[in-house]
Protein chains: 4
Amino acid sequence: MSEEKKTQVYLGVISLVQQGRSLNELKVSEIAEASGIGKGTCYEYFSSKEEIIRETLLYTFHKEFDSFCGLLQFDQGFEAGFRQILTVMEKALSQFSPFQTLMSSVGKRELKQYVSEEAMENIMRQMIRLIDLLLDQALQEGVIEPQRPREYQRFVLIGVMQAYCFQITNPQLQISAAQAADYAWQGLREALA
Amino acid sequence: MSEEKKTQVYLGVISLVQQGRSLNELKVSEIAEASGIGKGTCYEYFSSKEEIIRETLLYTFHKEFDSFCGLLQFDQGFEAGFRQILTVMEKALSQFSPFQTLMSSVGKRELKQYVSEEAMENIMRQMIRLIDLLLDQALQEGVIEPQRPREYQRFVLIGVMQAYCFQITNPQLQISAAQAADYAWQGLREALA
Amino acid sequence: MSEEKKTQVYLGVISLVQQGRSLNELKVSEIAEASGIGKGTCYEYFSSKEEIIRETLLYTFHKEFDSFCGLLQFDQGFEAGFRQILTVMEKALSQFSPFQTLMSSVGKRELKQYVSEEAMENIMRQMIRLIDLLLDQALQEGVIEPQRPREYQRFVLIGVMQAYCFQITNPQLQISAAQAADYAWQGLREALA
Amino acid sequence: MSEEKKTQVYLGVISLVQQGRSLNELKVSEIAEASGIGKGTCYEYFSSKEEIIRETLLYTFHKEFDSFCGLLQFDQGFEAGFRQILTVMEKALSQFSPFQTLMSSVGKRELKQYVSEEAMENIMRQMIRLIDLLLDQALQEGVIEPQRPREYQRFVLIGVMQAYCFQITNPQLQISAAQAADYAWQGLREALA
DNA sequence: GATGAATGAGACTTCATTCAT
DNA sequence: GATGAATGAAGTCTCATTCAT
C-alpha cells in the first residue's frame, strides 16, 4: 500500500542521517538503496527529491511529537511531569532521536525551503499549548504563584528548558544531566514561586 | 593585497545569503559575480568552494564576536550591561546580522563539516569566559547572592538569554522586545538573588 | 550487457583516432557522441576518461595480437609463414589498424601512464615467445644454421622485421613493399644461414 | 638577447620532461617557473604554448643531431665508426638524452601537430644521407660487396641499428650492450659481405 | 507496480592568454 | 622588457529524473 512504501523511504532517509550523512548531501540513489527499493520507485511515490526530504521531516516531527506527548505524565504531580520532560528531552538529545538528528542537519533557512511557514507556525502553536498545559498544572498544585502574567511564566519555563538542553549538549560546561535537571527545577521554582 | 580580495569574497557570500540564498546552494559563479571578480579569480585565493564557505564562516564569526564584545559595557553597572547585551542580541537577530544569517543557513551537522571541532570548542570557551565576566560583575555589585555555585549561576544566565532570544524570534508569543528584556531581568534577579 | 557497452565505447574511441584525432585530445563528450551514447553513460561503465583510454588500448592490443597470431601459418613452411607475417604487418601499418593508430598517438611515456609496467612486460614476453616459435620452425626446416646462439637469431629476426616496417612507413626510401619483403628474406637468410 | 631567452625556455621544458613530465601535460606556468622567467614573459618570445613545444622539439633535435654527427669518426675505419655510432645511440638511449626523452613523450601523431611534414621529411633526408655516407666508406674499405643494390644495403644497415636499439631498450631480451653491438656487426657483415 | 540504464544540464575547477603596472 | 593577477572558455564528472522493459 502506498503509505507503507512512503514510510519505508522515510526510514531509509532517517537511517542515512543517523549514519552521519547530512540531509542536503543525500543522493536519490542512496535513499533508494537505504530504503530497499529501486531508484525509479521513489518517483512512484514522491515527485522529487525535495518532496522526499520535506515529507520525511514532517513525518519524523509528527511521530516524535506524538511520542513526546505520550510520555508526558500529568497524573503524578507537576514536578514528576516536569522532570519527566527533561528526561525525555535528554534522551532525545543524547540518543540522537530521528527528529533531533534531522534537525541538526538542516539550517533554519533550509528548513523553510522544505517545510511551509504555515506548518512551522502550527508546530509552534502546539508547543505553546503544551507549555500552557504544564503551567496550568503547576498553578493548580500551587508550585508557582498565580499573580504572575502568563507571558512571564512561559518565559521562565522556556528558559529553564532551553538552558537544560544547552547544558546537555555542551559538555564543556561540565554538568551532569541530573545536576542540570536539579538546576532547572530550582531555577523554575525561584523565578516563579 | 591578498587579504583584501579574500574579504571581497566573504562580503560577496554574505550578501548572497542575506538575499535569501542558503550556503549550500551557492554556486561558485554566483559568489564570483557577487564579489565582483571572475570565477577563476576565486581559485587564486581559495582552493575550493568549500574553503570559501569555511573561511567566510570563520571571518564572519570573528568579526561579529569582536564587535559584540566591543559593545559590552562593564562601566555602567551590571544591569545596564546586561540589558545592553540583550539589545545587541536583539539587533543582531532582527537585523539579520551576517553571522546570524549564515548560521541560520547551516545545520549543526554541516557546520562541523566546515568548522573544525577545535574551533567550535574554542568559541564555546570564549563564550563561557564572557558569561563568567558578567557574573563576576553581578557578584561585585551584590545583584546576585554569592553562595550559589557558579554552575547554577551560568545556568540561569544562559537560560534567560536563550529565552529572550526565543521570544524575539518567535513572534507568535506576542511579546515586545522591551517586555521580554524586563522578563529576562526579572527572571535573572529572582532565580539568583 | 556491460561488456557490449564498453566495446561500443572502445569502437568509438578507435573511430575518432582513425579520423585523425590524437588520444590525449579526445573529450569525453566526443567519445560519447562517437560511441552513440550519452556523456553520462560513459561513467556508468568507466570511472574516468583515463580509464576509458587505458582500457581501449588494452582491448585493441589484445584483439589485434590475437588476430595477428591467428593469421600465422606454420603449416606451409617457414618462408611462407615469414612472408605472411610481413604481409600482415604491412597491412596493419598501411591500413592504419586500430592498434597501430592508437599507438601512433601516444608516446612511450604516456603509454606507461595508461598501461601498467607489468602489462607491458607481459606483452613483450608473448612477442619473444612468438619469435622463438618462428625460429624453431626455421631450424627444423634447415633454413638457418643451428650453431648460432638463440640471442643472435632473435637479433636478426627482429632486425629484418623492424627494417621492413621502417621501409614501409618511410616512403622516402622508395622501395615497394614486395621489394622490402624480398630484402627482409634475403637479409634473414644471409645473416643466419 | 632574444635567442638567449628562448634557449632558456627550451632548457626549462627539457628539464621538466627529464623529471618525468610528459610534453602534452606541461602547463605554461610550469614552463615559466622551470625557465626562471615570468609566465607573461613566455609570450614575449613565443606566441603560444604550442609554439614553445614545437620550437623546443626542433631545437633539441638539431642540437642532438649535430652533436651526433660531430661524434662520427670516418678516419679510423668503418668498423670503428659503426661501433662508435652504436655507442652514441646506446648512450643517448640509456642516459635519456633530451631528444630521446622528448620523443618518448609524444606519439607520432602529436609530433605531426608540432613539427611540419616538411621538417620531418628534411630530417629523414639527412638521415638517409648519413647512412649513405657510412655505406660508401664501407664499400671503399671492402667491408661489403659492391654488387648489392644500395636499397638492400640501407635495409640491412637500418635493420641492425634498429635491432640494436631494440635490444638495448628491452632488457627482457637479456643481452648486454657489448653483446648486442657484436651481433650488430656480425649481422651487418654476414648480410652484406 | 517496480526497476535501473540512460541521459544531459549544470556543477566545480583548470589553465592559456591578456594587459595594466 | 618583465611580470603575474585576472579572466572565462572549456573540460571532467555528478546526479536528479525519465522511460522502456
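What you see is a predicted model; the values in this text were computed from it and never measured.

Overall, the coordinates contain 32 aromatic pairs over all chains when judged by the stated rule. An angle of 55° between the planes, with centres 5.3 Å apart, marks the rings of Y152(C) and Y183(D) as tilted. Of this pair, Y152(C) sits in helix α9 (residues 150-169) while Y183(D) sits in helix α10 (residues 177-192), each in a different chain. Ring pairs connect the aromatic residues Y10(A), F46(A) and Y59(A), which therefore count as one cluster.

The next thing to look at is the interface of chain B and chain A. Chain B puts 44 residues into the contact, and the matching count from chain A is 44 residues. Summing both sides of the interface, chain B and chain A together bury roughly 3,900 Å²; the carbon and sulfur share of this comes to 56%. On the chain B side of the contact with chain A, R109(B), F155(B) and Q172(B) bury the most area, a combined 20% of that side's loss. In this assembly, chain B and chain A are joined by two salt bridges. Residue R148(B) pairs with E190(A) through a salt bridge whose shortest N-O separation is 2.6 Å. Counting every contact that joins chain B to chain A gives four residue pairs in polar contact (both at pLDDT 80 or more). Where the side of chain B that touches chain A is concerned, the elements lending two or more residues are α7 (108-114), α8 (117-140), α9 (150-169) and α10 (177-192) of chain B. It is α9(B) that provides the largest number of residues to the side of chain B that touches chain A, a total of twelve residues. The residue inventory of the side of chain B that touches chain A, partitioned by class, reads 18 nonpolar, 15 polar and eleven charged.

Here we take up the interface of chain C and chain D. Taken together, the contacts link 44 residues of chain C with 44 residues of chain D. Between chain C and chain D lies a buried interface of about 3,900 Å² when both sides are counted; carbon and sulfur atoms form 55% of it. When the buried surface of chain C facing chain D is broken down by residue, R109(C), F155(C) and Q172(C) rank first, second and third, together holding 20% of it. At the surface where chain C touches chain D, the tally comes to two salt bridges. For the pair chain C and chain D, the number of links is four residue pairs in polar contact (both at pLDDT 80 or more). Those elements that provide at least two residues to the side of chain C that touches chain D are α7 (108-114), α8 (117-141), α9 and α10 (177-192) of chain C. Residue classes in the side of chain C that touches chain D are distributed as 18 nonpolar, 15 polar and eleven charged.

For the rest of this paragraph, the subject is the UniProt feature "DNA-binding region" (unreviewed entry) in chain A. Summarizing the sequence annotation, UniProt attributes the feature "DNA-binding region" (unreviewed entry) to residues 27-46 of chain A in the numbering used throughout. Secondary structure over residues 27-46 of chain A splits into 75% helix and 0% strand, and the C-alpha atoms at its two ends are 14 Å apart.

Taken together, 29 residues are adjacent to DNA strand F, and K5(B), T41(B), Y45(B), T41(D) and Y45(D) come closest. For DNA strand F, the backbone makes up 69% of the atoms found within 4 Å of the protein, where backbone means sugar plus phosphate. Here K49(A) contributes a backbone N or O atom positioned 3.0 Å from a phosphate oxygen of DNA strand F. Secondary-structure elements contributing two or more residues to the surface near DNA strand F are α3 (39-45) of chain A, α3 (39-45) of chain B, α3 (39-45) of chain C together with α3 (39-45) of chain D. At five residues, the largest contribution of residues to the surface near DNA strand F is made by α3(D). A class-by-class count of the residues in the surface near DNA strand F yields ten nonpolar, eight polar and eleven charged.

All right, on to the protein's contact with DNA strand E then. Near DNA strand E you find 30 residues, and of these K5(A), T41(A), Y45(A), K5(C) and Y45(C) are the closest. Take the atoms of DNA strand E that sit within 4 Å of the protein: sugar and phosphate atoms are 68% of them. Within the side chain of Y45(A), an N or O atom sits 2.5 Å from a phosphate oxygen of DNA strand E. With respect to DNA strand E, the side chain of K39(D) contributes an N or O atom lying 3.2 Å from a base oxygen.

A few words now on the relation of the copies chain B and chain A. Rotating chain B by 180° about the axis while translating it 0.0 Å along that axis superimposes it on chain A, leaving an RMSD of 0.1 Å. Those values place the two copies in the arrangement expected of a two-fold rotation axis. Interface overlap between copies is the fraction of interface residues in one copy that are interface residues in the other; for chain B against chain A it reaches 100%, indicating a shared surface.

Calculation notes
Residues numbered from 1 in each chain as written. Chains lettered and ligands numbered in written order. Predicted model: local features only at pLDDT ≥ 70, side-chain atom pairs only at ≥ 80, totals over all residues. Heavy atoms only, no water. Phe/Tyr/Trp six-rings, centres within 6.5 Å; stacked < 30°, edge-to-face > 60°. Helix = DSSP H or I, 4+ residues; strand = E, 2+ residues; numbered from the N terminus. Contact = heavy atoms within 4.5 Å. Buried area = accessible area lost by both parts, 1.4 Å probe. Salt bridge = Lys/Arg side-chain N within 4 Å of Asp/Glu carboxyl O. Polar contact = N/O pair within 3.5 Å; in protein donor to acceptor, adjacent residues only side chain to side chain. Nonpolar A, V, L, I, M, F, W, Y, C, P; charged D, E, K, R; others polar. UniProt positions renumbered as here; feature names shortened; annotations may be inferred. Near = heavy atom within 4 Å. Least-squares fit on C-alpha atoms with pLDDT ≥ 70 in both.

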